[in-house]
Amino acid sequence: MSSERDSKAAHIRHIMETEGDAVGANTRGFNDGRYESVGELEDYDALKDEARSIKEDAIERLPHLVDELTETVEENGGTVYLAEDAADANEYIAEVCTDNEADRLVKSKSMTSEEIEINEHLEREGVEVVETDLGEWVLQVADEAPSHIVAPAIHKSREGIADLFNEQFDPEEDLETAEELTAFAREQLGELIRGADVGMTGANFITADSGTMALVTSEGNARKTVAVPETQIAVAGVEKVVPSVEDLQPFVELIGRSGTGQDITSYISLLTPPVNSPTVDFDDPDTPVADGDDDREFHLVLIDNGRMAMREDEELRETLYCIRCSACSNTCANFQSVGGHAFGGETYSGGIATGWEAGVHGMDAAAEFNDLCTGCSRCVEACPVGIDIPWINTVVRDRLNTGTDPELEFLVDGLTPDTETSGPGIQKRLFGNFELLAKVGSTVAPVSNWVANAGPVSRVLQRAAGVAHDRDLPAFQRTTFREWFEGRDRVPPIDPDRRVVLYPDLYTNYILVNRGKAAVRALEALGVEVLVPPVPGSGRAPLSQGMIDTARSKAERVAEALGPYVADGYDVVVIEPSDLAMFRGDYERLLPEESFESLAEHSYEILEYVYGLLTNGADTDGLTLADGDGETVAYHAHCQQRTMGLDEYSVAVLDACGYDVTTSDVECCGMAGSFGYKEQYYELAMDVGSTLEEQLRDADCDHVIASGTSCTDQIGDLLGEEPSHVIELLAPDGETT
Amino acid sequence: MSNQHANSHNQFAAQVRSYGVELTEASPGAVADAIASAIDPPAVGTPLPWDGVELPDGVETDPTPADIEDAATGVTAASLAVADYGSIVLRMDDAGSEPVSLFGDLHVAVLREEDIVPDMEAAFEWFGEQLRETRDSAVVATGPSATADMGSLVQGAHGPKRVEVIVVR
Ligand code: SF4
């Protein structure tokens, strides 16, 4: 196990060193472009909702739509072949080539064709296959796999491509600039397209009503691939069918913006094949094209390859809504560091690849990289069809958790009273059962902290459970937040403005106790009655390890504990953003509707609540205000807090209290729960964090503050000093012990 | 001319220009001259489908594969344009408008002002009706062809490097 983790760490390190810079620059560029481009849309959310409901409806009615499409295409003069799996599709396509005596097939970019590995199959059958998309062609020449679903060669630099071409083709003059490389490729590929017998494309969408397929491209190679040869083959997953032409509109508006940040790509081909354009027969160069006696042939190969089973699978079904725009890759902090060669499976890459790989290639293919999704949730708001990508990752992780470390399990058994029926690995169980670890750790603190971080024990933890040796484990506090609260002498306000249950999340209770104390002082200063009853952990830790059963039983106990207070008119205030994200989001999948809704509705993030109090007339006088001459604050909001749109409350309250705030704009700090503690991901986590470190250092402010526990740990490791929580800066001074 | 048309026209003009596309306006009778001064020879083209709007001499309208290959310019009609994206709609036809608009370094598109619609919603209503009825094919083209696959953005990948639009009004 430990050596498996070592080799994974080595693989990730290698990819970061060789491809990290190119991938990072490109994906961040796409991601920034996305924010800008969708920001220009007046009705962005409405378009996303429309896109989502079109997909929901289409997948619901898929068998019917496939029938309708088949009829339509046949009416148009084409053929539809429904391929059960990759082998079936490949055989059919090879047959079409044989029937056409094809020596060469030219292709435009298609991930689905990569999924079935048609190139390899046709080459074996003696058909030359040429990728005409420039990025795909580079990879074909280099014999490499795509590192991104939309821009397949983003891991290659211009210099790398120039070296490759100069070596492979030995041109008269060495190629150097992007213009030279493009012109060279255009010429080479132009020649190859001229002599092609068959053109193959993918399809981004296909409409059942007219048999029109939409192809979203920029280079013009797909247009040539269709226009020149007489025979066209389109390869598409069954999930690409939508009911009507009008349904294409929201996707056309969203796909380029979401992916590479272009408002629209150069070409949206709307092909209703066989197309009514004359073939361009370069073997007969002097007959006007309009006079040719064309007999265009069209084959639509619709691929099932596991999709119909995904449709029946309640949890994986959402994957089929994916339009493969790549937003979830570009917005992902881990993907930005490593790209698809580490964060990807056999065909697909990025967060949603877990769903695709599990569905089309099987669980083993998804297992390889599924850990790289940390559940930060930044992709959810970026996804144009609103897929809960982290949830798909959680589900697949849960299904993968079959006991793999029998001989080591006894070591943590005592610390892992989970309700998992199958056995997640020891590392997952250690982090998944953080609650008990914290309880025990706190009882024997500070000895436990000293022991855990001391050489020998730290090394055992590393060997057995893969806890990165370079990380200091969180320091448990001897007096928990709740114990402090219970032991206070205080008179509850007689006529409070509001009544609050402050949720003692595990981190606040056992580790970051000061932020809990600060929250109590701040709320009381604003005229609120505060209670801190015993409530169990939210289940975030087990959920992040894919231990859904354990998470569900935690959720039930939280609802049991908080329910009566909510019924009694208390608001629930939460300090840890990842726990609030549970209450407002994940609990929907773990609890009965009613208990989910009442808890979600009455839960607030601490600064969101303070903001509400201030707008309802509370006075900032009770808080610690900035001194007169522009006290500055560098603030990093938690990833899930940003997805919930709550970071702005912290900024607004800081502002109201006179602070001059600079916010970071990285998607995630890199720690993401326990991810950055894992030995095999430590270096990746630090690489992701390096951007944040740079921003925080550049801001050069009087205070560095953060909202989440993970971010606090990570920034502590990056800067050598732990940041405090927003509420600690703002709360009135008080006892700190 | 209605207000809406004027708005769409202005928005379209601003958008296409932002993609580096040149836009000229011409009355029906002046279109031939406008095309003549836009093209780089040799030029191929497909006949314009509107009465009183002609291609200039010197544009080969019944091109062979060799003509298409050698042409520096392709001239075709655009059937529709989308104002807020600066997109033009190129419909495929038996005359070969698709290859003619695709192979040359310069594509000159001729567009009637009244065929500019405000947005994608309007465009897709039109597509819905047209494509269900005729089962034709078309390309929504926005700016020249482009690629970022070679290390930085380059205009003119497999398709035209430059696009010019002549609006007939
Ligand atoms: S999951 Fe969503 S964001 Fe990711 S590629 Fe698919 S559609 Fe795009």
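Basis of the calculations
Residues numbered from 1 in each chain as written. Chains lettered and ligands numbered in written order. Predicted model: local features only at pLDDT ≥ 70, side-chain atom pairs only at ≥ 80, totals over all residues. Heavy atoms only, no water. Pairing = 2+ DSSP bridges. Helix = DSSP H or I, 4+ residues; strand = E, 2+ residues; numbered from the N terminus. Axes fitted to C-alpha atoms, helices over the stretch in contact; angles between N-to-C directions. Contact = heavy atoms within 4.5 Å. Core = buried A, V, L, I, M, F, W, Y, C linked by side-chain atoms within 4.5 Å. Buried < 20%, exposed > 50% of the residue type's maximum accessible area, 1.4 Å probe, protein only. Domains from an automatic or database assignment. pLDDT = per-residue confidence, 0-100.

Caption draft 1: Broad picture of the sheet that holds strand β11 (residues 498-503) of chain A. Residue and element names in this part refer to chain A. Read across the sheet, 4 strands follow the order β12-β11-β13-β14 without closing on themselves; strand pairing throughout is parallel. Bordering the open sheet on either side are β12 (528-531) and β14 (603-605), each of which pairs with just one other strand. Strand-to-strand, the axes of this sheet are offset by a mean angle of 35°, without reference to chain direction. Strands β11, β13 (571-574) and β14 of the sheet are contacted by helix α29 (residues 577-590), whose axis makes an angle of about 150° with β14. Sitting on the sheet, helix α30 (residues 593-602) is in contact with β13 and β14, with an inclination near 35° to β14.

Caption draft 2: Spatial organisation of the nonpolar core. In this structure, F12 and F127 of chain B are the most contacted members of the largest nonpolar core, which totals 122 residues. If one sorts the elements of this core by residue count, helix α2 (residues 44-60) of chain A sits on top with 6 residues. Mapping this core onto the domain boundaries places at least three of its residues in each of domain 1 (58-308) and domain 2 (481-730) of chain A. The residues contacting F12 of chain B, other than those within four sequence positions of it, are L23, A81, V82, A83, G86, S87, I88, L111, I116 and V165 of chain B. If you look at the next biggest cluster of nonpolar residues, it comprises 39 residues, including V610, L623, V661 and A731 of chain A.

Caption draft 3: Fine view of the confidence of the model for chain B. For chain B, per-residue confidence averages 94 on the pLDDT scale, and residues scoring 70 or more make up 99% of the total. For this predicted complex, the interface confidence comes out at an ipTM of 0.97, alongside a pTM of 0.89.

Caption draft 4: Region of the structure containing unusual backbone geometry. Cis peptide bonds are those with omega within 30 degrees of zero, and the linkage from P273 of chain A to P274 of chain A qualifies with 0°. Following the sequence through the fold, P274 of chain A ends up in the loop between β9 (267-271) and β10 (297-303). A cis amide bond links P41 of chain B to the next residue, P42 of chain B, at an omega of -10°. In this structure, P42 of chain B sits in the loop between α2 (31-38) and β2 (43-45). Residue D170 of chain A is not a glycine yet carries a positive backbone phi of 45°. Mapped onto the elements of the fold, D170 of chain A is located in the loop between α8 (158-169) and α9 (178-194). In this structure, R135 of chain B takes a positive phi of about 55° despite not being glycine. In this fold, R135 of chain B is placed in the loop between α5 (120-134) and β9 (138-141). On the basis of relative accessibility, which here comes to 22%, the residue R135 of chain B falls in the partly exposed class.

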